[in-house]
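Notes for the structure review
Okay, here's what each chain looks like letter by letter:
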Amino acid sequence: MKLTRWVLGLCLLVGSLSAYSQEVGNKNVLDRIIVKVDNYFILKSEVENQYQQYITSGQANTPNRCQILEGLVVNKLMLAKAEIDSVIVEDKRIEAELNSRMEQMEGQYGSAKNIVEAYGKSIATLKEDLRSSLKEQLTGRKMQDKITDDVKITPKEVAAFYNEIPRDSLPYLPAEVEISHIIRIAKPNKNQKEELYAKLLDFRRRVDKGESFEDLAKVHSEDLGSGKRGGDLGFAKRGAMVAPFEAAALRLKPNQMSDVVESEFGFHLIQLLEIRGQEYHARHILLRPDYQKLDLTEPTKFLDSIRVLVQRDSTTFEKAAKEFSEDKATQDAGGVIMDATSGANRLAYDGTMDPALFFALDSMKVGTISAPIPFRTDDGRSAVRILFFKAKHPPHFANLKDDYQKLSQITLSRKKNNAIEKWFMKAKDDVFIFIDEEYMDCRILEDVQERE
């Protein structure tokens with residue numbers, strides 16, 4: 001199947017700080033504007049940087065420069081049309097996504113200080129650098145969703161797509177496994193808690209003596225999002241914040257500060273600013289324990305006892321995961337680990353799997369539960385987990401019975417591709433598009449059928 005405008009456009013909507021670092025690190029291209037789409041433009045370096053990233057990644061089906069440029073043009077056209085159609089992403093959504101990205105980076109690098117050292121820029125500067133590109137990504141994604149929102153598929157369409165594939169061209173799928181896990185997060189010990197409590201109580205005393213809560217938050221808060229705003233979290237609807245935080249905040253009177261509050265995110269000193277109907281406005285100073293130094297003894301013992309209960313048939317792994325797992329992403333599903341791309345409950349058992357998970361399963365038999373294994377969560381927290389090896393499916397040629405979910409995802413993507421293609425051919429006439437003569441041979445503005 002050809003690499004379509006949809007696929008390339010989608011690639012452009014996935015941004016990260018690692019991509020940002022690669023971009024800023026490659027300045028060897030003699031730069032100039034090669035495409036203009038209304039008020040948006042594309043630089044030659046953008047095409048070259050992406051092309052080099054594909055080459056160095058070693059992935060199959062590397063797109064050529066024309067295909068990469070086509071994806072960039074689709075993305076810019078979506079942004080231009082979003083302005084015309086008043087498709088807007090709210091600032092608070094952008095800020096929330098930006099904070100999430102920064103928290104992920106903090107987990108990967110260990111601390112905000114390490115991020116600053118790695119990039120040679122302050123957190124505030126990094127966020128400002130990323131804000132505009134993130135806004136473009138979210139706006140493009142929202143426009144893309146608007147275009148494809150009504151696209152649905154039926155089982156008949158999935159079967160038709162499968163029957164179109166020549167029998168000698170059916171993909172040979174790798175072995176797949178079904179796995180569940182139960183995760184317990186390591187908690188700070190008594191001394192670590194006391195140290196964080198003491199720091200926050202000292203901040204409280206300093207505010208009581210006249211120092212600015214805002215200034216203290218800017219310097220000391222480990223909430224990368226609100227810290228630069230003096231800890232200001234803006235107005236939040238009741239139920240939006242984690243329960244311990246909200247309960248403490250709503251017990252306060254305006255301008256009053258809380259005692260130290262512990263939540264899953266760390267330890268807070270909260271100041272309530274205002275209550276307005278069902279909304280409240282607060283700010284906080286957040287301190288987190290050093291996740292690298294947390295003791296795994298307690299969660300290890302806890303999971304070992306859960307493992308014994310399941311092995312004795314005193315409970316099921318699924319029930320235990322729902323009751324005891326601290327992984328919100330899998331808890332409600334009984335600990336089942338889903339494929340991040342397809343949402344299927346089968347994971348490819350090959351080189352694409354997380355190495356730690358692969359080698360853990362390599363020493364297990366189907367139907368068994370692992371001993372507790374140290375684990376690092378996506379946001380960098382120290383944890384322990386036990387694995388349940390539910391099933392293993394051998395390599396096979398794709399078929400409707402075993403691979404319906406995968407085939408339906410491909411069918412849906414193809415149908416969305418067609419919707420994007422039709423939209424593109426109409427929308428390109430609504431905006432001004434200039435393409436440098438060096439890239440005219442790419443024939444980007446022509447219908448796909450005309451090029452084939």
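Residues numbered from 1 in each chain as written. Predicted model: local features only at pLDDT ≥ 70, side-chain atom pairs only at ≥ 80, totals over all residues. Heavy atoms only, no water.

- Looking at an unreviewed UniProt entry, one finds the protein chain named Peptidylprolyl isomerase, with Aquirufa esocilacus as its source organism.

Thoughts on the sheet that holds strand β4 (residues 176–185)
- Strand order in the open sheet formed by four strands is β9-β4-β11-β10, with antiparallel pairing between adjacent strands. Two strands bound the open sheet, and with one partner strand each, they are β9 (347–348) and β10 (373–376).
- Bridge count for β10 against strand β11 (residues 382–393) is four bridges, and the pairing is antiparallel. Bridging from a neighbouring strand, R376 pairs with S382 of β11.
- Packing of helix α13 (residues 297–311) onto the sheet brings it into contact with β4 and β11, and relative to β11 it is tilted by some 30°.
- On top of the sheet, helix α16 (residues 355–362) reaches β4, β9, β10 and β11; it is set at about 60° to β11, its chief contact. (Pairing = 2+ DSSP bridges. Helix = DSSP H or I, 4+ residues; strand = E, 2+ residues; numbered from the N terminus. Contact = heavy atoms within 4.5 Å. Axes fitted to C-alpha atoms, helices over the stretch in contact; angles between N-to-C directions.)

Some points on helix α9 (residues 190–208)
- Between its first and last C-alpha atoms α9 spans 27 Å; for 19 residues at 1.5 Å apiece the expected length is 27 Å, and the two agree.
- For α9, the set of buried residues is Q192, L196, L200, F203 and V207. Buried positions in α9, seen along its axis, are confined to an arc of 60° and lie on one side of it. The exposed set on the far side of α9, more than 90 degrees from its buried face, consists of K190, N191 and D208.
- Next to the buried residues of α9 lie α10 (213–220), β7 (266–276) and β8 (279–287).
- The N-cap residue of α9 is N189: its side-chain oxygen and the backbone nitrogen of N191 are 3.1 Å apart.
- Downstream of α9 by one or two residues, G210 has phi in the positive range, about 120°. (Expected span 1.5 Å × (residues − 1). Buried < 20%, exposed > 50% of the residue type's maximum accessible area, 1.4 Å probe, protein only. Arc of directions from axis to C-beta. Polar contact = N/O pair within 3.5 Å; in protein donor to acceptor, adjacent residues only side chain to side chain.)

Remarks on the pattern of salt bridges
- Scanning all chains against the criterion turns up 30 salt bridges.
- Between K146 and D85 there is a salt bridge, with the nearest N and O atoms lying 3.9 Å from each other. Within this pair, whereas K146 is found in helix α7 (residues 123–148), its partner D85 is found in the loop between α4 (65–84) and α5 (91–109), the two being separated by 61 residues in sequence.
- Judged by relative accessible area, K146 falls into the partly exposed class, the value being 47%.
- In this structure, R283 engages E214 in a salt bridge whose closest nitrogen and oxygen atoms are separated by 3.5 Å. Placement of R283 in strand β8 and of E214 in helix α10 is noted, with a sequence separation of 69 residues between them.
- For E214, a relative accessible area of 34% translates into the label partly exposed.
- Because the salt bridges share partners, they merge into one network encompassing E95, K127, E128, R131 and R229. (Salt bridge = Lys/Arg side-chain N within 4 Å of Asp/Glu carboxyl O.)

Here we look at unusual backbone geometry
- A positive phi angle, near 50°, is found at D38, a position not held by glycine.
- Locating D38 in the fold gives a position in the loop between β1 (33–37) and β2 (40–43).
- Unlike most non-glycine residues, D313 shows phi in positive territory, near 65°.
- Checked against the element boundaries, D313 lands in the loop between α13 and α14 (317–324).

A few points about the pairing of β4
- Of all 10 residues making up β4, 10 are buried, and the element is well covered by its neighbours.
- Pairing of β4 with β9 involves two bridges; the strand directions are antiparallel. Its bridge partner being in β9, E176 is matched across the sheet by A348.
- Sheet topology note: the β4/β11 ladder contains 10 bridges and is antiparallel. When the bridges of β11 are listed, I179 appears paired with F389.

Digging into the UniProt feature "domain: PpiC" (unreviewed entry) in the protein chain
- UniProt tags residues 174–274 and 277–388 as "domain: PpiC" (unreviewed entry).
- Secondary structure within residues 174–274 divides into 39% helix and 28% strand; the distance between the first and last C-alpha atoms comes to 57 Å. (UniProt positions renumbered as here; feature names shortened; annotations may be inferred.)

Points about the packing of aromatic side chains
- In this structure the tally under the stated criterion is six aromatic pairs.
- A ring pair is formed by F358 and F359, whose centres lie 5.6 Å apart and whose planes are at 90°; its orientation type is edge-to-face.
- On the basis of relative accessible area, F358 is assigned to the partly exposed category, the value being 23%.
- Through a chain of ring-to-ring contacts, the aromatic side chains of Y349, F358 and F359 assemble into a single cluster. (Phe/Tyr/Trp six-rings, centres within 6.5 Å; stacked < 30°, edge-to-face > 60°.)

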